[in-house]
Amino acid sequence: MTLNRRTFLAASVAPLLATMPAASAQRAARRPCVISSGNGARAIARAMELIQGGADPLEAAVKGVAIVEDDPEDMSVGYGGLPNEHGVVQLDASVMHGPTHTAGAVAALENIRNPAQVALEVLRRTDHVLLVGAGALAFARTVGFTEQNLLTERAREAWLRWKANLNPHDDWLDRDQQIDVPRTDGTIHVSAVNAAGDLGACTTTSGLSYKLAGRVGDSPLVGAGMFVDNEVGSAGSTGRGEAVIQSAGSFAVVRAMADGLEPTEACLRVLTWIADHTKRRDLLNGKGEPNFQVVMYALRKDGAWGSAGLRKGGTFTVHDGTKVRKKECPSLF
Ligand code: GLY
């Protein structure tokens, strides 16, 4: 089965690549450039404006994603994000700065609406990379962040509906399969490169809706939810974090670009690997395909960009210094 699936996946990637920017377009890659998940149009517009004004690409990315973290309408990030099983919003974020090869991250952070900014302070003010839970909150308070209730009425209602439909006999695997309530494994990722070729990246999320308290996804894990190698490029992910953690997804995309793959090819290579290593029956559909979504985003040092999804429907936004464009991702399935 493994061989058949590999053969199938290899065959399916070739026509996908034919629909992507040709080598000539990639040669015309522009710097500065900013790429984001589909929910990042306003974030990349702001980040590009800041980069064009001389801001550091990481600072620009973090200021860009704050627009989405602050937006109660985006139920996958920051304020208004869907809560965990107990109705508590727990946020994850990470940042990475190419020129200094430094990173900062927070996980399961409560009551602070801009976890990416807290992650940036971890990078700036400490010699640590990742702070979690109560420790992350104490750090945020100490450096001046203000606490607030992040659970909006809309998110609370969604959680109450989820709870009302919860079958006490369901185990933790069944819980994820059921009922028609708003849920998300959405997230925002931004990768940015400035005119000098310096890179920064940021991923921020409220994580999987109704998750077990304390569940940490890929977003705050360096190498999973985002990764930067200033000599090569930057990558990030949205979607089912467990699959991205188990593939070191963003690190793998950057390494694939270092091996010479174009950004879209690099994303497809990692997604193919994820598909090939998805064995659990509850994660496969009737055709043996992964039944979940992962979208990877890649930005090369020269400004070439790409993105791809496991399943149809993934989107991304890109700003190459001229305008914001929203595009559909090529997908494996
Ligand atoms: N990718 C977001 C999460 O799984 O938490």
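The structure displayed is predicted, hence computed values, not measured ones. (Residues numbered from 1 in each chain as written. Predicted model: local features only at pLDDT ≥ 70, side-chain atom pairs only at ≥ 80, totals over all residues. Heavy atoms only, no water.)

> Outline the site of the ligand, listing residues and values.
Around the ligand lies a shell of 10 residues, among which Thr187, Arg215, Asp218, Gly239 and Gly241 are the nearest. The side chain of Arg215 places a nitrogen or oxygen atom 2.7 Å from an oxygen atom of the ligand. With respect to the ligand, the side chain of Asp218 contributes an N or O atom lying 2.6 Å from a nitrogen atom. Split into classes, the residues belonging to the shell around the ligand amount to one nonpolar, six polar and three charged. (Near = heavy atom within 4 Å. Polar contact = N/O pair within 3.5 Å; in protein donor to acceptor, adjacent residues only side chain to side chain. Nonpolar A, V, L, I, M, F, W, Y, C, P; charged D, E, K, R; others polar.)

> A description of a nonpolar patch on the surface should follow, citing residues and the corresponding values.
On the surface, a nonpolar cluster with roughly 280 Å² of combined accessible area is contributed by Val129, Leu130, Val132 and Val222. With respect to the helices and strands, Leu130 occurs in strand β4 (residues 130–132). (Patch = residues over 30% accessible without salt bridge, like charges linked within 9 Å, V, L, I, M, F, W, Y side chains within 5 Å. Areas by Shrake-Rupley, 256 points an atom, 1.4 Å probe, with all protein chains shown as cover. Salt bridge = Lys/Arg side-chain N within 4 Å of Asp/Glu carboxyl O. Helix = DSSP H or I, 4+ residues; strand = E, 2+ residues; numbered from the N terminus.)

> Any chance you could break down the nonpolar core for me, citing the residues and the numbers?
Val253, Leu271, Ile274, Val294 and Leu310 are the most contacted members of the largest nonpolar core, which has 43 residues in total. No other element matches helix α11 (residues 263–276), which puts seven residues into this core. The contact partners of Val294, leaving out residues within four places of it in the chain, are Thr238, Gly239, Arg240, Ala243, Val244, Leu271, Ile274, Ala308, Gly309 and Leu310. Membership of the second largest hydrophobic core comes to 35 residues, among which are Val34, Leu50, Ala61 and Val122. (Core = buried A, V, L, I, M, F, W, Y, C linked by side-chain atoms within 4.5 Å. Buried < 20%, exposed > 50% of the residue type's maximum accessible area, 1.4 Å probe, protein only. Contact = heavy atoms within 4.5 Å.)

> So, the sheet that holds strand β3 (residues 102–109): which residues are in play, and what are the values?
If you walk across this open sheet you meet the eight strands as β4-β3-β2-β6-β5-β1-β11-β12, and the pairing is mixed. Looking at which strands have only one partner, the edges of the open sheet turn out to be β4 and β12 (324–328). With direction set aside, neighbouring strand axes in the sheet form an average angle of 10°. By the bridge criterion, four bridges tie strand β1 (residues 33–37) to strand β11 (residues 315–319) in an arrangement that is antiparallel. Paired with Val34 across the two strands is His319, which belongs to β11. Sitting on the sheet, helix α3 (residues 41–52) touches β1, β5 (188–193), β11 and β12, and the angle it makes with β1 is about 160°. Across the face of the sheet, helix α6 (residues 133–142) comes into contact with β3 and β4 while running at roughly 105° to β4. (Pairing = 2+ DSSP bridges. Axes fitted to C-alpha atoms, helices over the stretch in contact; angles between N-to-C directions.)

> For the pattern of salt bridges, give the residues involved together with the corresponding values.
For the coordinates displayed, the defined rule picks out 17 salt bridges. Measuring nitrogen to oxygen at the nearest pair gives 2.5 Å for the salt bridge that ties Arg141 to Glu147. A salt bridge links Arg300 to Glu262; its shortest N-O distance comes to 3.1 Å. On the criterion of sequence distance, the pair formed by Arg300 in strand β9 (residues 294–300) and Glu262 in the loop between α10 (249–258) and α11 is long-range, its members being 38 residues apart. Arg300 sits in the buried class, given a relative accessible area of 16%. Residue classification places Glu262 among the partly exposed positions, given a relative accessible area of 26%. Overlapping salt bridges, with partners in common, bring together Glu59, Glu121, Arg124 and Arg125 in one network.

> Outline the environment of Thr102, supporting the account with residue identities and numerical values.
Mapping Thr102 onto the fold places it in strand β3. With a relative accessible area of 29%, Thr102 lands in the partly exposed category. Residues Thr102 and His128, spaced 26 residues apart in sequence, show a C-alpha to C-alpha distance of 9.7 Å. Discounting chain neighbours no more than four positions away, the residues touching Thr102 are Val95, Met96, His97 and Leu123. At a separation of 2.7 Å, a polar atom in the side chain of Thr102 contacts the side chain of Thr100.

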